[in-house]
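# Structural features, examined
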Amino acid sequence: MPWRVSKKSQNKLYYRLLSEFMLQQTQVKTVLPYFKNFVLNFPTLKSLSKSNEKKVLKLWEGLGYYRRARNLLATSKILVKKHEYKLPKTLVDIKKLPGIGDYTANALLAFIHNQPTIAIDGNVKRVFSRIINKNENKIDFNKLIEINKKSLFNTKRHSDFVEALMEFGALICKPKEPECLKCNIKSICKYFKSDKKFKKNKRTKPEEKNYNIFCYIDKTKGKIALTNKHNLGFLKKFYLPPIKEVESKNKVINWNYHSKFKNSISNKKLNINLYYKFSSKIPLQSQWFSLKENNEFIPSFTKKIFKQLSNIN
Ligand code: SF4
């Protein structure tokens, strides 16, 4: 992985920070090209900290969960201005940085300061729950780690230990078919030895909601009105056409119905009804954007709307 640089590398903090932000809710193979392109454009923490939201969001375009990009930029500025390019030394202080929760703070504490800690992600939960053969939802992982801290942290290589645990979960103790016969710890694993293996809870279905989207289109100029002043938290600050949550597909007057489509954002399923009208007047709190080319950052959800509208005459 390109973010696994030498422990002495000056870019260690920057690369770990960037990769941890990018890897939140995103797979490694998706992150790799974005990471490489990002460090080509911003080779150091300093260069990132001097940048602005527009440039950072443009490089993040397509990766989704854009709040991460904004938080990363804010964190880089704080590290440079307040902490002299260094990561704070305690969990409490690391968690004060924008966009850094328990998991990322623990990962950084181990990677950067080689502190005895474990970043509890899905992989780690799965490995531990299999070793003790108990459903994840019934385990207090912090307590489990605290009780077993003597044996878990019986090493000086805490950074490597956290990394190894993640790799072990991804490559050996895999979600669907764990490689138990190859596994070095099968002799202590209750899941492997037991005839009564615990059953995983079924995933809860994502919330499904209906939205009407209203597109004002300036036909002669090929433009559409977008606004970032809407009250949908999970789409906060996104440029979108005016959008409204509705109970179901309700009757809308004075608008042309265009189409319906589905989209998933942040564990939410959106059923979209798309409406349009031709207008050269800009609605309140909106700006005109080109339907074809924009230098501005346009989130993929909005681009999907542009694509839907491409057949309007
Ligand atoms: S024996 Fe199998 S289930 Fe147990 S830790 Fe190893 S890979 Fe996971």
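This one's a predicted model, so the numbers in the text were calculated from it and none came from an experiment. (Residues numbered from 1 in each chain as written. Predicted model: local features only at pLDDT ≥ 70, side-chain atom pairs only at ≥ 80, totals over all residues. Heavy atoms only, no water.)

Helices and strands together make up the secondary structure of the protein chain, namely 13 helices and six strands. Structurally, the protein chain occupies a C-alpha span of about 70 × 50 × 30 Å along its principal axes. Entry remark: accessible area of the protein chain is about 19,000 Å², with carbon and sulfur atoms responsible for 51%. Within the protein chain, one finds 65 positive and 23 negative side-chain charges whose respective centroids are separated by 2 Å. (Helix = DSSP H or I, 4+ residues; strand = E, 2+ residues; numbered from the N terminus. Areas by Shrake-Rupley, 256 points an atom, 1.4 Å probe, with all protein chains shown as cover. Lys, Arg positive; Asp, Glu negative; His and termini not counted. Charge placed at Lys NZ, Arg CZ, Asp CG, Glu CD.)

By nearness alone, every residue bordering the ligand is listed as Arg130, Phe168, Ile172, Cys173, Pro178, Cys180, Cys183, Ile185, Lys186, Cys189, Tyr191 and Phe192. Each residue belonging to the shell around the ligand can be placed in one class, and the counts come to ten nonpolar, no polar and two charged. (Near = heavy atom within 4 Å. Nonpolar A, V, L, I, M, F, W, Y, C, P; charged D, E, K, R; others polar.)

This next bit is on the packing of helix α1 (residues 12-23) against helix α7 (residues 102-113). Where α1 contacts α7, the axes come no closer than 11 Å and their chain directions differ by 155 degrees. Viewed along their axes, α1 and α7 adopt a mutual orientation that is roughly antiparallel. Here α1 runs over α7; the crossing is right-handed. Contacts between α1 and α7 involve Lys12, Leu13, Arg16, Leu17 and Glu20 from the first element and Tyr103, Thr104, Ala107, Leu108, Phe111 and Ile112 from the second. Of the residues in the contact of α1 with α7, the class split is seven nonpolar, one polar and three charged. (Axes fitted to C-alpha atoms, helices over the stretch in contact; angles between N-to-C directions. Parallel < 35°, antiparallel > 145°, perpendicular 65-115°, else oblique. Left-handed = near helix turned anticlockwise from the far one by under 90°. Contact = heavy atoms within 4.5 Å.)

Turning our eyes to something else, we now look at the packing of helix α2 (residues 28-41) against helix α4 (residues 53-60). At their nearest, the axes of α2 and α4 sit 10 Å apart, and the two run at 150 degrees to each other. By the angle class used here, α2 and α4 are roughly antiparallel. Note that α2 runs across α4; the crossing there is right-handed. From α2, Tyr34, Asn37, Phe38 and Asn41 reach across to α4, where they touch Val56, Leu59 and Trp60. Per-class residue counts for the contact of α2 with α4 are five nonpolar, two polar and no charged.

A word on the packing of aromatic side chains. Per the counting criterion, the structure on display carries twelve aromatic pairs. When the ring of Tyr239 is compared with that of Phe289, the centres are 5.0 Å apart and the planes differ by 50 degrees; the resulting orientation is tilted. Of this pair, Tyr239 sits in the loop between β2 (223-226) and β3 (243-246) while Phe289 sits in strand β6 (residues 287-290), placing them 50 residues apart in sequence. A relative accessible area of 3% places Phe289 in the buried class. Relative to Tyr275, the ring of Tyr257 lies with its centre 5.5 Å away and its plane at 65 degrees, an arrangement referred to as edge-to-face. (Phe/Tyr/Trp six-rings, centres within 6.5 Å; stacked < 30°, edge-to-face > 60°. Buried < 20%, exposed > 50% of the residue type's maximum accessible area, 1.4 Å probe, protein only.)

The subject of this paragraph is helix α13 (residues 300-308). For an α-helix, the turn length of 3.6 residues means that residues three or four places apart are oriented alike. Among all positions in α13, only Phe301, Thr302, Ile305 and Phe306 are buried. Seen end-on, α13 carries its buried residues on one side only, within an arc spanning 150 degrees. Along its buried surface, α13 packs onto β1 (207-218), β2, β4 (256-265), β5 (268-278) and β6. (Arc of directions from axis to C-beta.)

Turning next to the pairing of β1. Judged by how many residues are buried, β1 sits mostly within the fold: nine of twelve residues are covered. Relative to β5, β1 is paired through eleven bridges, and the arrangement is parallel. Among the inter-strand pairings, Asn210 is bridged to a residue of β5, identified as Asn271. Taken together, the four bridges between β1 and β3 define a ladder with antiparallel strand orientation. Counted as the bridge partner of Ile213 is Ile243 from β3. Examined bridge by bridge, β1 and β2 share two bridges and lie antiparallel to one another. Bridge pairing in β2 links Asp218 to Lys223. (Pairing = 2+ DSSP bridges.)

Attention now goes to the environment of Arg130. Considering the arrangement of structural elements, one finds Arg130 in helix α8 (residues 122-131). Overall, the relative accessible area of 6% leaves Arg130 in the buried class. Each C-alpha atom, one on Arg130 and one on Phe192, is 7.9 Å from the other, the two residues being 62 residues apart in sequence. Apart from the residues lying within four places of it in its own chain, the contact partners of Arg130 are Cys173, Lys174, Pro175, Pro178, Cys189, Lys190, Tyr191 and Phe198.

To continue, consider the nonpolar core. With 67 residues, the main nonpolar core has Tyr14, Leu18, Phe38, Trp60, Cys215, Leu235 and Phe301 as its most contacted residues. Val127, Phe141, Leu152 and Leu165 belong to the second-largest nonpolar core, a separate cluster that totals twelve residues. (Core = buried A, V, L, I, M, F, W, Y, C linked by side-chain atoms within 4.5 Å.)

This part takes up the pairing of β5. If a strand is regular, its side chains alternate between the two faces of the sheet. Sheet topology places β4 next to β5; nine bridges connect them, and they run antiparallel. Counterpart to Ser264 in the pairing with β5 is Lys269. Between the antiparallel neighbours β4 and β5 lie two residues, among them Ser266 with a positive phi of about 45 degrees.

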